[in-house]
Amino acid sequence: MNEFLLTIDEVKFRNTNAAWNDLCMNDPWSVGYVSTLVEAHVFNAKEEWEDFYYQNGQNRQAIVISLNDQLQRLLNDHTLRRSDPQKILSLHGRLKNLNFYYGRTKDQLREKGIILYEAVSNRGIKISQEECIECVRFRTICETWNGIIIRERNTISHLKKIIPGIEFLKTEGAFDHKYAVDYELSTNGNVFCAIQIKPKSYTYNTAYITKARESNARKNQFYFEKYHKRVINIISRSNGGIENEEVITQIIDLKNHI
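Please read these numbers as outputs of a predicted model, since none were measured by experiment.

Draft legend 1. Broad picture of the overall build of the chain. Along the backbone of the chain there are 14 helices and four strands. For the chain, the C-alpha radius of gyration of 19 Å lies close to 18 Å, the compact-globule estimate for 258 residues. Principal axes of the C-alpha set define a box for the chain whose edges measure 55 × 40 × 35 Å. Taken across its 258 residues, the chain has 48% of its residues classed as buried. Nonlocal contacts in the chain, meaning residues at least 24 apart in sequence, comprise 66% of its contacts between residues at least 6 apart. Total accessible area on the chain stands at roughly 13300 Å², and carbon and sulfur atoms take up 48% of it.

Draft legend 2. Just the nonpolar core, in detail. By size, the foremost hydrophobic cluster in this structure holds 32 residues, and its most contacted members are Phe4, Trp49, Tyr53, Leu116, Val120, Ile141 and Trp145. The set of elements that each furnish at least two residues to this core consists of helix H2 (17–22), helix H4 (34–37), helix H5 (46–64), helix H10 (106–122) and helix H11 (129–162). Per element, the largest residue contribution to this core is 10 residues, and it comes from H11. One finds Leu159, Ile163, Phe168 and Ile251 within the second-largest nonpolar core, a separate group that totals 17 residues.

Draft legend 3. Main features of the sheet that holds strand E1 (residues 167–170). Strands sit in the order E1-E2-E3-E4 across an open sheet of four strands; the sheet is mixed. Strands at the two margins of the open sheet, each flanked by one partner only, are E1 and strand E4 (231–235). Adjacent strand axes in the sheet meet at a mean angle of 35° when their direction is disregarded. Sheet topology note: the E1/strand E2 (residues 183–187) ladder contains four bridges and is antiparallel.

Draft legend 4. Summary view of the side chain of Thr187. Note on placement: Thr187 falls in strand E2. Residue class for Thr187 comes out buried when judged on its relative accessible area of 9%. Polar contacts involving the side chain of Thr187 include one to the main-chain carbonyl oxygen of Gly165, which spans 3.2 Å. Thr187 has contacts with Gly165, Phe192, Lys255 and Ile258, leaving out every residue within four places of it along the chain.

Parameters and conventions
- Residues numbered from 1 in each chain as written.
- Predicted model: local features only at pLDDT ≥ 70, side-chain atom pairs only at ≥ 80, totals over all residues.
- Heavy atoms only, no water.
- Helix = DSSP H or I, 4+ residues; strand = E, 2+ residues; numbered from the N terminus.
- Rg over C-alpha atoms; globule rule 2.2 N^0.38 Å.
- Buried < 20%, exposed > 50% of the residue type's maximum accessible area, 1.4 Å probe, protein only.
- Contact = heavy atoms within 4.5 Å.
- Areas by Shrake-Rupley, 256 points an atom, 1.4 Å probe, with all protein chains shown as cover.
- Core = buried A, V, L, I, M, F, W, Y, C linked by side-chain atoms within 4.5 Å.
- Pairing = 2+ DSSP bridges.
- Axes fitted to C-alpha atoms, helices over the stretch in contact; angles between N-to-C directions.
- Polar contact = N/O pair within 3.5 Å; in protein donor to acceptor, adjacent residues only side chain to side chain.

What follows is the structure in structure tokens.
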């Protein structure tokens, strides 16, 4: 299967990272648990995934507009995670799930792109509104496909070949969001560690990436405190090849000492 390709200047794309995260538009409250949504069906091509995400967003919208005006405003407020996260926690699970387990419409992603454009323009970043709209699409739709369907699955396939006897248990979106864990590794029914699969860019020392690593490290520590298992970061290429090969030895050692 093919990857989505970035169609705008890569430097411009990276320059919007900080604003994208500061606005909390990367949060599942804003775009849904995309890692769960992309695993919901077997897609034969990347275009099928993109169409599904938008259609799923239309299904969500049909439900949302049947609610009262106050709930509509609440559910469509992507800043709520930053401004008043307690409101999200206090909502009935059925309402929260409308944001967490559904996609968004193409128009809603476009609206986020316009908001992103206003934010980065205020920071003096030279980029057009249409480029910002594409940034939102690429992060939400394309990076999810490239990272999970292409890189993650190829990486797991590669690991299965070089470390036999391991079951790779894919986590749900909520679990991943809480602990920054993509898979738990099990042998003979016993989980012995967890892994997070990232691209090489995850090792770069930019302000945005450093902040992301620190956040994930805290989540991994929460996982360790609750389950007493390590989380190992795997840096891999799209074809599944592993950049930090020392992690293979670490996984084998943990497996052998279970």
